[in-house]
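Coordinate analysis (summary)
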Amino acid sequence: MHDHLYKKLNIHLDLHQFDQIKMLDTIEFKTSPYDAKYILPSQEVREYVGSKIPLPPAENKQIIWQILKNPANTTYAMHVDAIRYSAINTLVSLPNPDHEFVMESDTTGKITLDYNSTPGIPYLINVEQRHGVWNRSSTHNRYILTIGFFIKNYNYDFMADWLAKCQLI
């Protein structure tokens, strides 16, 4: 039904075992040119996730790992990513009904991707479709681990096939 927007991977990531993840509320985040708040995940987080999700070969900066922060009471307006072709996103923060990730397409209209019912489950996201984030919580930040694919060959369809061959979809 929404296969052209996202696919849920059939794996669970236990990211809360890592000190960096436990301390996200105390870490200073950088701001990207697209106004996204981010930090780079630690090597141990990358190695752990990489051992669970095999990624296609890539040159430096073709695949970029980040932890994104949506501060309390903020919106990341509906948009299409300018330079990413697909992404694997995993909710890192605790589920919160005030955190909403919405996708939109011409064929399905707007849908809410329910990260809250599946914490620790990665999703392949078609970031070439409109999407946005609402954090309506007045007290809790929202955090996502994202693996972004910045090479056109690794678009959503390619990554869906790749992850299916890896038996993750």
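See the structure above.
Read on for an overview of the structure. If you're wondering where the values come from, they're calculated on a predicted model, not measured in any experiment. (Residues numbered from 1 in each chain as written. Predicted model: local features only at pLDDT ≥ 70, side-chain atom pairs only at ≥ 80, totals over all residues. Heavy atoms only, no water.)

Another aspect to go through is helix α2 (residues 43–52). Listing the buried residues of α2 in full gives Val45, Tyr48 and Val49. Buried residues of α2, seen end-on, are gathered within an arc of 90° and therefore sit on one face of the element. (Buried < 20%, exposed > 50% of the residue type's maximum accessible area, 1.4 Å probe, protein only. Helix = DSSP H or I, 4+ residues; strand = E, 2+ residues; numbered from the N terminus. Arc of directions from axis to C-beta.)

Counting buried positions along strand β10 (residues 130–135) gives five out of six residues, so the element sits mostly inside the fold. Relative to β10, strand β5 (residues 74–79) is paired through four bridges, and the arrangement is antiparallel. Bridging across to β10, tyrosine 76 finds its partner in valine 133. In terms of strand pairing, strand β7 (residues 99–105) meets β10 through six bridges, oriented antiparallel. Opposite phenylalanine 101, over in β10, you have valine 133 as the bridge partner. (Pairing = 2+ DSSP bridges.)

Attention now goes to the pairing of strand β6 (residues 86–91). If a strand is regular, its side chains alternate between the two faces of the sheet. Of all six residues in β6, six are buried, a share of seventy percent or more. Of the two faces of β6, the one lined by Ser86, Ile88 and Thr90 and the one lined by Ala87, Asn89 and Leu91 are each fully buried. Summarising the sheet, β6 and strand β11 (residues 142–149) pair through six bridges and their orientation is antiparallel. Note that in β11 the partner of serine 86 across the bridge is phenylalanine 149. Two strands pair when backbone bridges link them, and β6 and strand β9 (residues 123–125) are joined in this way by three bridges, in the antiparallel orientation. Bridge pairing links alanine 87 to isoleucine 125 in β9.

Both the distance between ring centres and the angle between the ring planes are used here to describe each pair of aromatic rings. Inspection of every chain in the model, using the stated rule, returns eight aromatic pairs. Ring centres of phenylalanine 158 and tryptophan 162 lie 6.2 Å apart, and the angle between their planes is 25°; this geometry places the pair in the stacked category. Of this pair, phenylalanine 158 and tryptophan 162 are both found in helix α3 (residues 156–165), four residues apart, which corresponds to roughly one turn of the helix. Judged by relative accessible area, tryptophan 162 falls into the partly exposed class, the value being 24%. (Phe/Tyr/Trp six-rings, centres within 6.5 Å; stacked < 30°, edge-to-face > 60°.)

Once that is clear, we can look at the sheet that holds strand β3 (residues 37–39). In spatial order, the strands read β1-β9-β6-β11-β4-β3-β2; together these seven strands make up an open sheet with antiparallel pairing. A single partner strand is all that each edge strand has here, and the edge strands are β1 (6–8) and β2 (30–31). Taken together, the two bridges between β2 and β3 define a ladder with antiparallel strand orientation. The partner of lysine 30 across the bridge, within β3, is tyrosine 38. Strand contacts of α3: β1, β6, β9 and β11, with the helix running at about 155° to β9, the strand carrying the most contacts. (Contact = heavy atoms within 4.5 Å. Axes fitted to C-alpha atoms, helices over the stretch in contact; angles between N-to-C directions.)

Each pocket or cavity is described by its volume, and for the largest pocket that value is around 890 Å³. What lines the largest pocket is a set of 41 residues, among which Ser32, Ala36, Gln66, Leu68 and Arg84 lie closest to the centre. Looking at the lining of the largest pocket element by element, the count peaks at seven residues for strand β4 (residues 63–70). Partitioned by chemical class, the residues of the lining of the largest pocket number 21 nonpolar, 11 polar and nine charged. The volume enclosed by the second largest pocket comes to roughly 270 Å³. In this structure, the second largest pocket is lined by 16 residues; those nearest its centre are Asp25, Ser93, Leu94, Asn141 and Tyr143. Grouping the amino acids of the lining of the second largest pocket by side-chain chemistry returns seven nonpolar, seven polar and two charged. (1 Å grid on protein atoms, 1.4 Å probe; cavity = no way out; pocket = protein on both sides within 12 Å on 5 of 7 lines; lining within 4 Å. Points joined across faces, edges and corners; volume = space filled by probe spheres on them. Nonpolar A, V, L, I, M, F, W, Y, C, P; charged D, E, K, R; others polar.)

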